[in-house]
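Here are the chains, one letter per residue:
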Amino acid sequence: MRKIVSVCFKKAGKAYFFDPGGNEFKCGDHVIVETVRGLEFGTVRGCVREVEDKEIVSPLKKVVRPATAKDKKQHEENLKKKNRAMTLCQDKVNKHNLDMKLIDVEYTFDNSKIIFYFTADGRVDFRELVKDLAAVFKMRIELRQIGVRDEAKMLGGIGTCGRGLCCHSWLPDFEPVSIKMAKIQNLSLNPTKISGTCGRLMCCLKYENETYHELRKGMPDVGDRITTADGTAVVIDVNVLMNQIRTRLVLEERTQETQEKLSTDLYIYKKEDIRKIMSKRKKHTKAELEIPADVSPDDLLNLLKE
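To keep things clear, this report deals only with the structure shown in the data block. None of the values given here were measured: they were computed from a predicted structure. (Residues numbered from 1 in each chain as written. Predicted model: local features only at pLDDT ≥ 70, side-chain atom pairs only at ≥ 80, totals over all residues. Heavy atoms only, no water.)

1. Observations concerning the nonpolar core
Note the following rule: Here, nonpolar core means buried Ala, Val, Leu, Ile, Met, Phe, Trp, Tyr and Cys residues that are tied together by side-chain atoms lying within 4.5 Å of each other. Burial classification: accessible surface area is computed with a 1.4 Å probe over protein chains only, and a residue below 20% of its type maximum counts as buried, one above 50% as exposed, and the rest as partly exposed. By definition, any uninterrupted DSSP run of H or I lasting at least four residues is a helix, any uninterrupted run of E lasting at least two residues is a strand, and each is numbered from the N terminus. Contacts: residue pairs with any heavy atoms within 4.5 Å of one another.
Counting 18 residues, the largest nonpolar core has Met100, Ile114, Phe116, Leu133, Phe137 and Leu143 as the members making the most contacts within it. When contributions to this core are tallied by element, the ones reaching two or more residues are α2 (82-95), β7 (101-107), β8 (113-119), α3 (127-137) and β9 (140-145). Those residues in contact with phenylalanine 116 that sit more than four places away from it in its chain are Ala85, Cys89, Leu102, Asp104, Val105, Leu133, Phe137, Ile141, Glu142, Leu143 and Arg144. With 12 residues, the next largest nonpolar core counts Met219, Val235, Val238 and Val240 among its residues.

Written out as structure tokens, the structure reads:
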């Protein structure tokens, strides 16, 4: 077990472990730490605590010192210089006709390096741009290409829920999100409805995925044949959150090649009240289940009104 203190360098940024060096820090304290980029101004996230050695990435560097008033002033000055740096860099990008979009700029605490973040569809030859920027700023220049999700995290915005983007306000890391999560949650697979501001699948699809997986256990799929208190039925819809299985009863058994006659009435059950039939019989499609094949025109009109 080793004592560590978590330090982050950006809002909603990833937290890194540092050795407190015998000092006590509380959440919100500002500190100066040594990183691969040199000295950095960071904010403590959480109190000093002990963690297992396997959770630490060696070598564990120490906190150089608590931030002084002079350190805070220098950090604020670095932030104020960002607008001018962005303007100058954009002028140079336009001069070289580079197909790239500037997103953000960042000064290291000791002003030894300036980092420009940008997005682009492909690789960009910015060697001449770096030379021009180095001549202007008189310090090391780094241009770092990022993805659209990182762009949204840096710039922020409002999500479809009406609140600030999770990645910008509190989410430290991006987790893998798949279209299967949207299917399990029975969401519309319309890309415009399940995609975030960045154009990728919304991060919030991950939040309730485990809950849906747990509730989905024991639930049949659409088209499955189940045994109920009222007889054999075919599943036409499943509501995981309400624990409801909508079915139509099988009124007449026929051969496997012939479509079965289904009831026009809906029957709703809970998963604990049904038993799935293990059968090799072909599953019905959702379109087949919504309207029985031999329903009369009058009954069809009534079904469409439901």
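The rest of the description comes next.
2. So, the sheet that holds β7
Condition: Pairing between strands is defined by DSSP: at least two bridges between them are needed. With axes taken as lines fitted to C-alpha atoms, and helix axes fitted only over the stretch in contact, angles between N-to-C directions fall between 0 and 180 degrees.
Taking strand neighbours across the sheet as the criterion, the 3 strands line up as β7-β8-β9 in an open arrangement whose pairing is mixed. Across the chains shown, the open sheet's two edge strands, defined by having one partner strand only, are β7 and β9. Going across the sheet, the axis of each strand differs from the next one's by a mean of 20°, ignoring polarity. Both β8 and β9 contribute to a ladder of 6 bridges, which runs parallel. Note that in β9 the partner of phenylalanine 118 across the bridge is glutamine 145. Along the sheet, α3 makes contact with β7, β8 and β9, crossing β9 at roughly 140°.

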